[in-house]
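As a plain string of letters, each chain reads:
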Amino acid sequence: MTPQIPGIHHVTAIAGDPQRNVDFYVGTLGLRLVKRTVNFDDPGTYHLYYGDEVGRPGTLVTFFAWPGAPRGRIGVGQVTATAFSIPARAVGFWQERLRRHGIAVRGPTARFDDAVLAFEDPDGLPLELVASDDDARTGRGGGPIPEAYTIRGVHGVTLSERGLDEGGRRTLGLLDEGLGFRLVGEVGRRFRFAAGDGGTGALVDVLCLDGAPTGETAAGTVHHIAWRTPDDAHQRAWQERIARLGLRVTDVRDRQYFRSIYFREPGGVLFEIATDPPGFTVDEPPAHLGTHLMLPPWLEPRRAQVERALPPLSIPEVRMS
């Protein structure tokens, strides 16, 4: 079997205050909180998932919420921008909405023929909105954003790597020869790759920077990016292929809503390959996604202890604005 990555599954970042995180991603950006669970490796903290109506792969951003976490540093060896897709006609709407919420917006600027708005979340995480009419996804319906302007899903990510002569070429080589991505654009030191059939949800830009500081992972930085794979068999094929490339890859981890393997690309960014199934409705019906704390079976006997350790969360009232 020759595996192929169709695109991005999710991006996971680190936040500080969990309520502030919910208020921003649900109340301001209009995403749906599709799962309220815990970090399986640190069950005293939340793991929050946001996406479209049912959390389809490719629409998801997730957060480990650690109250009081120090602010990280953006730099090489990190995902340094997470971009969402919006309709082309929505640029003015989002400029005005973000500014009304007190968020500084830069742009729109042109990048590979796209119009890009850049801003940061409350923890300083770099975000972008990319205007595109080529995205067939519909985004979340019934949320605080009129459906004509909703975020459709993740558009792509930017990886910052050390300059071409400092190791950046190894990352470019892994994406191309190792993971089967295609180079589809190049401007200066920015190289754009596409996974699978390409397009929104399948794009990764690599910035090769000379003399840039190394990133420090903490609040306001991306922890890892996950790529999609359709099933367990394809994931096993990826596990074997990555090991043959000489990279250290983990065993399969059960994340309840998908299964995962992890490895670091040559520049240091943590990659995950996650299965599309079983999805977020495995333990909650679609209408109730994100409304209750959901725990995996192995943590359920400790529910009372886990709940005591977590601060309460409320979901912002849904209103069109």
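In what follows, the structure referred to is the one given above.
Residues numbered from 1 in each chain as written. Predicted model: local features only at pLDDT ≥ 70, side-chain atom pairs only at ≥ 80, totals over all residues. Heavy atoms only, no water.

A. Broad picture of helix α4 (residues 232-244). Taking 1.5 Å as the rise per residue, α4 with 13 residues should run 18 Å; its terminal C-alpha atoms sit 18 Å apart, in good agreement. Burial in α4 covers these residues: Gln235, Ala237, Trp238 and Ile242. Taken down its axis, α4 places every buried residue within 160 degrees of arc, on the same side. Counted as exposed and oriented over 90 degrees from the buried face of α4: Glu240 and Arg244. (Helix = DSSP H or I, 4+ residues; strand = E, 2+ residues; numbered from the N terminus. Expected span 1.5 Å × (residues − 1). Buried < 20%, exposed > 50% of the residue type's maximum accessible area, 1.4 Å probe, protein only. Arc of directions from axis to C-beta.)

B. Local environment of the sheet that holds strand β15 (residues 259-264). Across the sheet, which stays open at both edges, the eight strands sit in the order β2-β3-β4-β1-β13-β16-β15-β14 with mixed pairing between neighbours. Whereas interior strands pair on both sides, the edge strands pair on one side only; in this sheet they are β2 (32-39) and β14 (253-254). Its contacts with the sheet place helix α1 (residues 18-28) against β1 (8-15), β2, β3 (42-51) and β4 (60-65), and it is angled at close to 5 degrees to β3. Running over the sheet, α4 touches β13 (222-229), β15 and β16 (270-275) and is turned about 15 degrees from β15. (Pairing = 2+ DSSP bridges. Contact = heavy atoms within 4.5 Å. Axes fitted to C-alpha atoms, helices over the stretch in contact; angles between N-to-C directions.)

C. Structural detail: the packing of aromatic side chains. Inspection of the entire model under this criterion finds 15 aromatic pairs. Look at Phe64 and Trp66: their rings are 5.8 Å apart centre to centre, the planes differ by 35 degrees, and that puts the pair in the tilted class. With relative accessibility at 25%, the residue Trp66 sits in the partly exposed group. Relative to Phe280, the ring of Tyr257 has its centre 5.2 Å away and its plane inclined at 25 degrees; by these criteria the two rings are stacked. Taken together, the residues Tyr257 in the loop between β14 and β15 and Phe280 in the loop between β16 and α5 (303-309) connect sequence positions 23 residues apart. Summarising the burial analysis for this pair, Tyr257 and Phe280 share the class buried. (Phe/Tyr/Trp six-rings, centres within 6.5 Å; stacked < 30°, edge-to-face > 60°.)

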